[in-house]
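Survey of secondary and tertiary structure
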Amino acid sequence: MTKILITGGTGLVGKHLQEVLKKNNHEVSILTRTPKKSNEFRWNIKKGYIDENAFENITHIIHLAGAGIADKRWSKKRKVELIDSRVQSANLLFEYSKKLNIQLEGFISASGIGYYGAITSQSNFKETDAPENDFISKICIEWEKAALQFKTLEIPVTILRTGIVLTKTGGALNKINTPLFLAKLGSGKQYMPWIHIEDLCALYVKAVNNNTFTGIFNASAPEHHTNTSFTKTLAKVTRKLLLPFSIPSFVLNLVLGELSVILLKGSKISTEKTSHFYSFKFEKLNNALDDLQ
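In this text, all values refer to a predicted model and were calculated from it rather than measured experimentally.

Observations regarding the overall build of the protein
In terms of regular secondary structure, the protein is built from ten helices and 14 strands. A compact globule built from 293 residues would reach a C-alpha radius of gyration of about 19 Å, and the protein, at 19 Å, matches this within 12%. Overall size of the protein, expressed as C-alpha extent along the three principal axes, is 60 × 40 × 40 Å. Split into buried and exposed, the 293 residues of the protein put 50% on the buried side. Accessible area for the protein stands at about 14,500 Å²; split by element, carbon and sulfur atoms hold 51% of it. Each charge class in the protein can be summarised by its mean position, and for the 38 positive and 26 negative side chains these summaries are 7 Å apart.

Shown next, in the form of structure tokens:
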């Protein structure tokens, strides 16, 4: 039986993933700053501490921890926090794994499609494409470097570069799906790579169950949508008014600062490699949105 240690287990994806793993007969332990349950263990990244009991009989680590990219404006302090929360936590897991000689069957880490940069182009980015030279890309580069160091311990590593995760409650969809009406953002030409929470969790389960599902994979649905087509589909599914005008870029820049680039920029992401291993349950956006109503 596999036993999986999850960081970020109380977050949007982590909560759902816990339940999915348990349904697949996997035992789950959680690293948290405030443990309350018998399967939760304390860690403190700033103090470099993990309760060593957390590693007992662990076969896999799933690393989801990281401060929310879109939760706050990107001040200098916040930028440091966004990187450190991902990198220092992975480094701490690495040091403990090495010190305790943990024989992991796999280290599985989240990353983001931001690896390819906050740009709008017709390129269909594959896993082998080079990263962009901007802040959102830098987060993902450092995140992945921290995960890939587990290979030096001869531990297989799987990295899922994740698009916008669609869920019933919380997350990006909750912010986009405003109560009364919908509107496109900026030019509306920016692409919005997305994935249903069920498909994302299924990919994590596959990484645990299938020892050939290693390396770097784009975790977004095969169907491409611009902000315009995404918003139109959402309006149709929810039967809400779609405003005939967009929210201007300068308004988003004024409200969000540099953070606005993740709303105003975006490119297509290839799922060709991922689809060799996994058949998406929700390939079409309208089906995904219908399911989440």
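What about helix H5 (residues 197-209)?
Its 13 residues place the ends of H5 18 Å apart at the C-alpha level, agreeing with the 18 Å of an ideal helix rising 1.5 Å per residue. The complete set of buried residues in H5 reads Ile197, Asp199, Leu200, Cys201, Leu203, Tyr204, Val205, Ala207 and Val208.

Overview of the pairing of strand S12 (residues 215-219)
In terms of burial, S12 is largely enclosed, as four of its five residues are buried. The pairing of strand S8 (residues 157-162) with S12 spans five bridges and is classified as parallel. Within S12, the position partnered with Thr158 by the bridge is Gly215.

Things to note about the pattern of salt bridges
Under the definition given, this model contains ten salt bridges. A salt bridge links Glu52 to Lys99, with the shortest nitrogen-to-oxygen separation between them at 3.5 Å. Pair noted here: Glu52 is in the loop between strand S4 (49-50) and strand S5 (60-63) and Lys99 is in helix H2 (residues 76-99), with a separation of 47 residues, a long-range link. Under the relative-accessibility criterion, Glu52 is labelled partly exposed at 42%. With a shortest N-O distance of 3.8 Å, Lys145 and Glu142 are connected by a salt bridge. Highlighted residues: Lys145 and Glu142, both in helix H3 (residues 135-148), separated by three residues, approximately one helical turn. On the accessibility criterion, Lys145 (53% relative accessible area) is exposed. Judged by its relative accessible area of 26%, Glu142 is partly exposed.

Here's the deal with a positive patch on the surface
Residues Arg33, Lys46, Lys72 and Lys77 make up a contiguous surface patch of positive charge. On the secondary structure map, Lys77 appears in helix H2. Taking relative accessible area as the criterion, Lys77 reaches 72% and is therefore assigned exposed.

Digging into H2
In this model H2 runs 33 Å from its N-terminal to its C-terminal C-alpha over 24 residues, within 8% of the 34 Å that 1.5 Å per residue would give. Looking one or two places after H2, you find Asn101, whose phi comes out positive at around 55°.

Things to note about the packing of H2 against H3
Close contact between H2 and H3 brings their axes to 8 Å; oriented N to C, the two are set at 10°. Considering the angle they form, H2 stands roughly parallel to H3. Facing H2, whose interface residues are Lys79, Leu82, Ile83, Arg86, Val87, Ala90 and Asn91, H3 presents Phe135, Lys138, Ile139, Glu142, Trp143 and Ala146. Of the residues assigned to the contact of H2 with H3, the class counts are eight nonpolar, one polar and four charged.

Topic: the packing of aromatic side chains
Per the counting criterion, the structure on display carries ten aromatic pairs. Taking the centre distance of 5.9 Å and the plane angle of 10° together, the rings of Phe55 and Tyr96 count as stacked. With a gap of 41 residues between them, Phe55 in the loop between S4 and S5 and Tyr96 in helix H2 connect regions that are remote in the sequence. Between Phe213 and Phe217, the ring centres sit 4.1 Å apart and the planes meet at 25°, which makes this aromatic pair stacked. Grouping residues by exposure puts Phe213 and Phe217 together as buried. Grouped by ring-pair contacts, the aromatic residues Phe94, Phe107 and Phe150 constitute a single cluster. One cation-aromatic arrangement involves Arg86 over Trp143; the distance from NZ or CZ to the ring centre is 4.5 Å.

Quick word on unusual backbone geometry
In most cases, non-glycine residues show a negative phi, while peptide bonds are predominantly trans. Positive phi outside glycine occurs at Glu154, with the angle close to 60°. Mapped onto the fold, Glu154 is located in the loop between H3 and S8. For Glu154, a relative accessible area of 74% translates into the label exposed.

Quick notes on the packing of helix H1 (residues 12-23) against H5
A pair of packed helices is characterised by two quantities: the angle between their axes and the separation of those axes. Two numbers describe how H1 lies on H5: the axes approach to 10 Å, and their chain directions differ by 60°. If you check the angle between H1 and H5, you find them oblique. Crossing angle aside, the handedness with which H1 passes H5 is right-handed. Contact with H1, carried on its side by Val13, His16, Leu17, Val20 and Leu21, involves Ile197, Glu198, Leu200, Cys201, Tyr204 and Val205 of H5 and no other residues of that element. Classifying every residue of the contact of H1 with H5 gives nine nonpolar, one polar and one charged.

What counts as what
- Residues numbered from 1 in each chain as written.
- Predicted model: local features only at pLDDT ≥ 70, side-chain atom pairs only at ≥ 80, totals over all residues.
- Heavy atoms only, no water.
- Helix = DSSP H or I, 4+ residues; strand = E, 2+ residues; numbered from the N terminus.
- Rg over C-alpha atoms; globule rule 2.2 N^0.38 Å.
- Buried < 20%, exposed > 50% of the residue type's maximum accessible area, 1.4 Å probe, protein only.
- Areas by Shrake-Rupley, 256 points an atom, 1.4 Å probe, with all protein chains shown as cover.
- Lys, Arg positive; Asp, Glu negative; His and termini not counted.
- Charge placed at Lys NZ, Arg CZ, Asp CG, Glu CD.
- Expected span 1.5 Å × (residues − 1).
- Pairing = 2+ DSSP bridges.
- Salt bridge = Lys/Arg side-chain N within 4 Å of Asp/Glu carboxyl O.
- Patch = residues over 30% accessible without salt bridge, like charges linked within 9 Å, V, L, I, M, F, W, Y side chains within 5 Å.
- Axes fitted to C-alpha atoms, helices over the stretch in contact; angles between N-to-C directions.
- Parallel < 35°, antiparallel > 145°, perpendicular 65-115°, else oblique.
- Contact = heavy atoms within 4.5 Å.
- Nonpolar A, V, L, I, M, F, W, Y, C, P; charged D, E, K, R; others polar.
- Phe/Tyr/Trp six-rings, centres within 6.5 Å; stacked < 30°, edge-to-face > 60°.
- Lys NZ or Arg CZ within 6 Å of the ring centre and 35° of its normal.
- Left-handed = near helix turned anticlockwise from the far one by under 90°.

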